[in-house]
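Remarks on the overall topology
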Amino acid sequence: MEKRNATCAVIGAGDYIGAEIAKTFAAEGFTVFAGRRDGAKLEPLVKDIESAGGSIVGRSLDARKEDEVAAFLNDADKHAPLEVCIFNVGANVNFPILETTDRVFRKVWEMACWAGFLAGRESARLMLPHGKGNIFFTGATASLRGGSGYAAFASAKFGLRAVAQSMARELGPKNIHVAHLVIDSGVDTAWVRERREKIWGKEALDNPDLLMPPASVAASYWQLYQQPRSAWTFELEIRPFGEKW
């Protein structure tokens, strides 16, 4: 593995998509700074990457707190120039509109939209002096379409998409690639499998082609990173070949 003098920050380094993103960029020689609210849960990821010869720093991080986000990204940039920041905070909840409390709505917006703005702004602040960078945001079907029970989640994801669009138009001419990845599928996680079985029964899990492996999402982020600046993608939609849309 050829080491790079560069860091990749993963904000929202959960057990599935976030972990696979971290493994992918670490395998390509980046030092990965991985953050999630409960930093102790990063221990298996740190062990996996280090045992494979990669470099990772795991931190507890509340992505809704401005000072924590700034400190996390500043530390990454001090270690080596921050070249990639990937915002991967989830916040996917489903509540009927009459059961969507003001607290739920506000909390989901803080996690999925406000936190993304913080991550984008603070990483841009560090990348601009370097003259290059990549800022990628994880979106969902709800980024494009509000569904029944998803008023809070969809409004936050719509907002995150708008933040990403605005940043892409402003920062693209300054050699910073901003992209938004729409995951139009259930991702193969324990939570998604449990939910699908509860709603549709065990037969809903019979077709493995309808759930997207987290590694496939990570591969899409790596493809975005590799794009030449003469042909940057802003928005990439991905779904399994068996998904109806």
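Just above, that's the structure.
Below or above, wherever it landed, is the structure these notes cover. The structure displayed is predicted, hence computed values, not measured ones. (Residues numbered from 1 in each chain as written. Predicted model: local features only at pLDDT ≥ 70, side-chain atom pairs only at ≥ 80, totals over all residues. Heavy atoms only, no water.)

1. Quick look at the overall build of the protein chain
The secondary structure content of the protein chain amounts to 7 helices and 9 strands. Compactness check: the protein chain gives a C-alpha radius of gyration of 17 Å against a globular reference of 18 Å for 245 residues, within 12% of the reference. The buried share of the protein chain, reckoned over its 245 residues, is 47%. Of the contacts made within the protein chain by residues no fewer than 6 positions apart, 75% connect residues no fewer than 24 positions apart. If you sum the accessible surface of the protein chain, you get close to 12000 Å²; carbon and sulfur atoms cover 52% of it. In the protein chain, the 30 positive side-chain charges and the 30 negative ones have mean positions that sit 3 Å from each other. (Helix = DSSP H or I, 4+ residues; strand = E, 2+ residues; numbered from the N terminus. Rg over C-alpha atoms; globule rule 2.2 N^0.38 Å. Buried < 20%, exposed > 50% of the residue type's maximum accessible area, 1.4 Å probe, protein only. Contact = heavy atoms within 4.5 Å. Areas by Shrake-Rupley, 256 points an atom, 1.4 Å probe, with all protein chains shown as cover. Lys, Arg positive; Asp, Glu negative; His and termini not counted. Charge placed at Lys NZ, Arg CZ, Asp CG, Glu CD.)

2. What to know about the nonpolar core
As a rule of thumb, nonpolar side chains are buried together in soluble globular proteins. Counting 37 residues, the largest nonpolar core has Ile11, Leu73, Phe87, Ile135, Phe137 and Val178 as the members making the most contacts within it. When contributions to this core are tallied by element, the ones reaching two or more residues are strand 1 (7-11), helix 3 (66-79), strand 4 (82-87), helix 4 (102-127), strand 5 (133-140), helix 5 (151-171) and strand 6 (176-183). Broken down by element, the residue count for this core peaks at 11 residues, all from helix 4. If we ignore the near neighbours within four places in the chain, the residues touching Phe87 are Ile11, Met111, Ala112, Ala115, Gly116, Ala119, Phe136, Phe137, Thr138 and Leu160. Ala26, Val32, Tyr225 and Ile238 belong to the second-largest nonpolar core, a separate cluster that totals 32 residues. (Core = buried A, V, L, I, M, F, W, Y, C linked by side-chain atoms within 4.5 Å.)

3. Structural notes on the packing of helix 4 against helix 5
Interhelical geometry of helix 4 versus helix 5 gives an angle of 15 degrees and a closest axis separation of 7 Å. Between helix 4 and helix 5, the interaxial angle falls into the category roughly parallel. The way helix 4 lies across helix 5 gives a crossing that is right-handed. Here helix 4 contributes Phe105, Val108, Trp109, Ala112, Cys113, Gly116, Phe117, Gly120, Arg121 and Ala124 to the contact with helix 5, which in turn contributes Ala151, Ala152, Phe153, Ser155, Ala156, Gly159, Leu160, Val163, Met167 and Leu171. In terms of residue class, the contact of helix 4 with helix 5 is built from 15 nonpolar, 4 polar and 1 charged. (Axes fitted to C-alpha atoms, helices over the stretch in contact; angles between N-to-C directions. Parallel < 35°, antiparallel > 145°, perpendicular 65-115°, else oblique. Left-handed = near helix turned anticlockwise from the far one by under 90°. Nonpolar A, V, L, I, M, F, W, Y, C, P; charged D, E, K, R; others polar.)

4. So, the packing of aromatic side chains
As enumerated under the stated definition, the model contains 12 aromatic pairs in all. Pairing Phe33 with Phe72 gives two aromatic rings, centres 6.2 Å apart and planes at 75 degrees, and the pair type is edge-to-face. Of this pair, Phe33 sits in strand 2 (residues 31-36) while Phe72 sits in helix 3, and the two are 39 residues apart along the sequence. Comparing Phe33 with Phe72, the two get one shared label, buried. An aromatic cluster is built from Phe25, Phe30, Trp222 and Tyr225, whose rings are joined through pairwise contacts. Above the face of the Trp245 ring, Arg239 is positioned so that its terminal group lies 3.7 Å from the ring centre. (Phe/Tyr/Trp six-rings, centres within 6.5 Å; stacked < 30°, edge-to-face > 60°. Lys NZ or Arg CZ within 6 Å of the ring centre and 35° of its normal.)

5. A short note on the side chain of Arg36
Within the secondary structure, Arg36 sits in strand 2. For Arg36, a relative accessible area of 15% translates into the label buried. Of note is the side chain of Arg36, whose polar atom sits 2.8 Å from the side chain of Asp15. Residues contacting Arg36, with those up to four places away along its chain left out, are Ala13, Gly14, Asp15, Lys41, Leu42, Arg59, Ser60 and Leu61. (Polar contact = N/O pair within 3.5 Å; in protein donor to acceptor, adjacent residues only side chain to side chain.)

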